[in-house]
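Close look at the chain arrangement
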Amino acid sequence: MVSKTKSEEQKLRGSGDNSKLSVSEILKMYEDMLLIRRFEERAGQLYGMGLIGGFCHLYIGQEAVVVGIQSAQKPEDSVITAYRDHGHMLACGMEPGGVMAELTGRIGGLSKGKGGSMHMFSREKKFYGGHGIVGAQIPIGAGLGFAHKYLKDGGVNIAYMGDGASNQGQVYEAFNMAALWKLPVVFVIENNQYGMGTSVARHAAGELYKRGAGYDIPGERIDGMDVLAVRKAAMDALEHARSGKGPVLLEMMTYRYRGHSMSDPAKYRTKEELDHVREERDPIERLKGQLLRDYGVKETDLAPIEERVKEECLRAVEFSKESPEPDPSELWTDVLVEA
Amino acid sequence: MAIDILMPALSPTMTEGKIARWLVKEGDAIKSGKVLCEIETDKATMEVEAVDEGTLLKIVVPEGAEGVAVNSVIAALGAKGEVYEQTSRRADEQTRKSTDAVANAPVIDPGCIPGMSPANQTQQISSARLLVCSSADEEKFYSGGTKTMTVREALREAMSEEMRRDPTVFLMGEEVAEYNGAYKVSQGMLDEFGPERVIDTPITEMGFAGLGVGAAFGGLKPIVEFMTMNFSMQAIDHIVNSAAKTLYMSGGQMGCPIVFRGPNGAAARVGAQHSQCFASWYAHIPGLYVLAPWNAADAKGLMKAAIRNPNPVVFLENEIMYGQSFEVPVHDDFVLPIGRAKIERAGKDVTIVAYAIMVGKALQAAEELWKLGIDAEVINLRSIRPLDVETIAASVRKTNRLVSVEESWPFAGIGSEMAALMMEHCFDDLDAPIARVCHKDVPLPYAANLEKLALPQIEDIVAAARGVCNR
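Residues numbered from 1 in each chain as written. Chains lettered and ligands numbered in written order. Predicted model: local features only at pLDDT ≥ 70, side-chain atom pairs only at ≥ 80, totals over all residues.

Some details on the overall build of chain B
Along the backbone of chain B there are 15 helices and 22 strands. Long-range pairs, those at least 24 residues apart, make up 75% of the contacts in chain B between residues at least 6 apart in sequence. (Helix = DSSP H or I, 4+ residues; strand = E, 2+ residues; numbered from the N terminus. Contact = placed C-beta atoms within 7 Å.)

Take a look at the structure:
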C-alpha cells in the first residue's frame, strides 16, 4: 500500500548523468553503504546483548540517501540530521569506533558517552548532530546555512528530516526564512514511509516534495534506493543552493528495514512489503548489480571490500567494549564553556 | 460647553510624552479623524486624531512641551465663537496629574546608587544617613565618570559596542531593523550595521530561535530578540533542548554562544498572556545563564557580558524600566561580571533580595522601613543563574532575616530556591522563616485594581519585612 509500485518507481528520477564517475568512486560508495549496513547490524546485535541502552534507531535500508548526498558534497558543506544518525556520521568520515563507543556509553565515544545514539557531533567534519527532537534540526540547519552565507565560506547546509518531521510547524518556519533570505540549504526528506508506526498515507496530506512550493522552494522526488540517482540530484541541488538561488527540497523515497527503534516490532506493515523492498530495491544489491553488469567489476573485486568492512566493524565493536565508562568526574564537565 | 482634548497614552506603559508639533491652530474647524498633533515618547512618534467635532478653542499645551502627563488637558474644542475658559476643575486636574507623575517616579537614595540620575535625585528621602555599598570591583568603572541614559539606550549601546568589536555578532528578531524595534531598543542599529547584521524576522519565534542556535553552532554570535519573553514559550524547545544541552551532549565539542533577550514580566494592563516572569523557568536549566538587569548600568554591563559569554544567555529585560534613566559609567570597557549580586543599600536588620524592576520597589520599601526603624539591606541579584549565594548568605548571616521579592509566581519560584539555599547555607543564622513576596498565584488580571493586587507592591514588601522582624 505504501511502498511505491513498479511503475511509480520508474517515474522517480533515474540514475541520471553519472558518466564522469570513475569505477573507483562508485566502489567507494559501495563500501560506504556496506559499512553503514554492517555497522548497524552490529549495533543491533550489541543492543540485544544489553551493551547499548535507550533509544537506538537503525539506518538499515536507507544507506543510499546519505552516501549519495555525501559523495556530492564539498568539504565546506555542513550536515545536520535527527536521531537516526549513525549512517550520517559514518558517511561524513567519523570513526566507526567512536560512534560505536558512544552507543555503548564509553569515554571513547564521540561525545565521551554523554550524548548517546541520538546526540553525536563533529565540528571537524562539519557534522552538527544528532538531534532528538523531531523537526528541531531544520531551523538549526537553516541557521547553519545562515552562517555559511554570513561568513561567505561557500558552504551549503544539508538538513535531513524524516517524513514524520516534515509535518512539524517549525519546518515551515525554517522553509520560509530560508527561501526569503536565499540561504544555502538543501532540505532532504528521507521518506522511509513511516513516521514511527504511522504510514505516510495516514500522516501526511499531499506530496512531500511539493511542501516547499508555497515558498518557491524547488522540490523533487528521487529514488532514494538508487545511490547514483541520489548523487546526481544532490549535485544539482547543492549547485543551486551554492550559487545563491536559495534552498532546495529533495524527497528521497526510501525504506527502513528495521523498526522505528529497537523496541518497535513493526507490526504496522506486512512481511511481504518488507521482503518486496529487500528483494527488488535494496540499494546495496542494486549498486552491486550495476557494478557487475555495467562497470566490469567482478565478485572477486568486491570480496576484499566486504572483508575490510567486516574487519572495521569488528574493530569498532571491540573498541566500544574495551573503552572504559566515563570517569564519575565527567558528570560535571561540559555543562558550560569556561568564559 | 467645551470638550477637553486629553494627552493620550500611546502604549500601556506610557506615563508622559512630548507634544512635537501642532498641525491645527486655534479657531480651526475640526472634524473627527483630523490629525491634531504629533506626540513623541522615547519609543515612537504618533499622530493624535480628533474624536469629537467642533472648533479648536484653545491649545493648552504648546508645541515642544515635554513631560506632558497622560490624561492632562492639551487642548479644547467648542462651538464656533465660544470663548475658552480654563475652569478651576481643569487647573486642579493639571496640578494633580503632574504631582502623580512625580510621585510615581522611583524613590531611591542616590547616595547608595551610582546609577541614579540627577532627575531622580530630586526625590531623595530626608534621611541623611550615609549608606555603604559593596561592588568594589565596579568602582574603577564609576570613578571614570558617568553619563545619564535610559535602560533602553544602555541596551542599545551595549549591543552596538559589541557589534563594532566583533563582526560575528548580529541582531535578529521581529521589527528590530526597519521598524527600529517594537520598543525602540534597536533604534538606529539598522542604519549603522546594515541589513546583514540587523535582521527583521517573520513572526515565527520557534523558527528564528532555532535558526539563531544553528548560526551560533556555525560560528556566529546571535542576539535573538523576542518582542516579549512571553513569546519565547513558542521557542522554548530550542532554548532548552538545542541551545542549553548541546555542549554537554557533544562532550564539550559544540557550545552555543547566543543571547535570547526581550522584555519579561508584567508591563501594564496587557493581560495574562503578555505578563509573565520567566526567571524561574529558565533558571531551572543547567547550561543556561539567566540575567535580569534592574537599572541602566546593569543593563549595559550585563548585556556586554552576555554577548561576550561563550554560552547561551537568557537576558530578561523589563518594558517599564526601558524609559527610566540612571547613571552609567562612561568607561569604554564597562562589563559587569556574571554571577555577582550587588548590595544596593546596606542595612543590618533584614535582607531583601530582588531582581529587575523589583529592585526599585525593594529600595522604596527599604526607605519606608527606615522610617519605621527597620534598617533593610537590599540586594540586586542581577544574575539569577548562576546565583550569587555567597553575597546573599553573607548578608543573611549579618541580618538573620530574609525577604525574597520577585514578579514570578510563588510555586517553585526564585523565592522558593532562595529559601532552600539559605537553609543549606545559613540555617543556624536565621532568626525567622524566610518570607516570599511574589506575584499572587493567579494569571495576571486586566482590571487596574486587580492587576495592582496581583503584582508585588511596596507595601507588600514592607509588610513582609515587618513580619520577619516582628515589628
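A look at the interface of chain A and chain B
Contacts between chain A and chain B engage 33 residues on the former and 35 residues on the latter. Among the secondary structure elements, those contributing two or more residues to the side of chain A that touches chain B are α6 (137–151) and α7 (169–180) of chain A. Among the elements that make up the side of chain A that touches chain B, the one with the highest residue count is α6(A) (eleven residues). In the side of chain A that touches chain B, the residues fall into 18 nonpolar, ten polar and five charged. (Nonpolar A, V, L, I, M, F, W, Y, C, P; charged D, E, K, R; others polar.)

Brief notes about the environment of B:Ala44
Topologically, B:Ala44 is positioned in the loop between β4 (35–40) and β5 (45–49). Beyond its immediate sequence surroundings of up to four residues, B:Ala44 is in contact with B:Leu10 and B:Lys184.

Some points on unusual backbone geometry
Trans peptide bonds make up most of the peptide bonds, and negative phi angles are found at most residues other than glycine. With omega at 25 degrees, the peptide bond leading from A:Gly129 into A:Gly130 counts as cis. Among the structural elements, A:Gly130 can be located in strand β2 (residues 127–130). Note that the residue after B:Arg385, namely B:Pro386, is joined by a cis bond; omega there is 0 degrees. Among the secondary structure elements, B:Pro386 is positioned in the loop between β20 (383–385) and α12 (389–399). The backbone of A:Asp216 sits at a positive phi, close to 60 degrees, despite the residue not being glycine. Structurally, A:Asp216 can be placed in the loop between α8 (200–203) and β7 (219–223). One non-glycine residue with positive phi stands out, namely B:Asn71, at about 80 degrees. Mapped onto the fold, B:Asn71 is located in the loop between β7 (68–69) and β8 (73–78).

Thoughts on the packing of α6(A) against α7(A)
All names here are of chain A. At a minimum axis distance of 8 Å, the contact between α6 and α7 shows a crossing angle of 20 degrees. With respect to α7, the axis of α6 lies roughly parallel. For α6 against α7, the interelement crossing comes out left-handed. Residues Ile138, Pro139, Ala142 and Gly145 of α6 touch α7, and the partners they reach there are Gln170, Val171, Glu173, Ala174, Met177 and Ala178. Looking at side-chain class alone, the contact of α6 with α7 contains seven nonpolar, two polar and one charged residues. (Axes fitted to C-alpha atoms, helices over the stretch in contact; angles between N-to-C directions. Parallel < 35°, antiparallel > 145°, perpendicular 65-115°, else oblique. Left-handed = near helix turned anticlockwise from the far one by under 90°.)

A word on the packing of helix α6 (residues 205–217) of chain B against helix α7 (residues 236–244) of chain B
Residue and element names in this part refer to chain B. Where α6 meets α7, the closest approach of the two axes is 10 Å, and the angle between their N-to-C directions is 15 degrees. Here α6 lies roughly parallel to α7, going by the angle between them. Considering the relative orientation of α6 and α7, their crossing is right-handed. Between α6, through Met206, Ala209, Gly210 and Val213, and α7, the contact on the second element is made entirely by His238, Ile239, Ser242 and Ala243. Class assignment for the residues of the contact of α6 with α7 results in five nonpolar, three polar and no charged.

Points about the domain arrangement of chain B
Residue and element names in this part refer to chain B. Domain annotation for chain B reports domain 1 (3–101), domain 2 (105–133 + 340–469) and domain 3 (141–329). At the junction of the two partners, domain 2 supplies 30 residues and domain 3 supplies 33 residues. Those elements giving two or more residues to the side of domain 2 that touches domain 3 turn out to be α2 (118–121), α11 (357–371), β20 and α14 (448–454). (Domains from an automatic or database assignment.)

A short note on the pairing of strand β12 (residues 221–225) of chain B
Residue and element names in this part refer to chain B. The buried count for β12 comes to five of five residues, which makes it a mostly enclosed element. Covered by surrounding structure in β12 are Lys221, Ile223 and Glu225 together with Pro222 and Val224, the residues of both alternating faces. In the sheet, strand β10 (residues 169–173) pairs with β12 via five bridges, with the strands oriented parallel. Each bridged residue has a counterpart across the sheet, and for Phe170 the counterpart in β12 is Pro222. Relative to strand β13 (residues 259–263), β12 is paired through three bridges, and the arrangement is parallel. Pairing of Val224 across the sheet is with Phe260, part of β13. (Buried ≥ 20, exposed ≤ 12 C-beta atoms within 10 Å, placed from the backbone. Pairing = 2+ DSSP bridges.)

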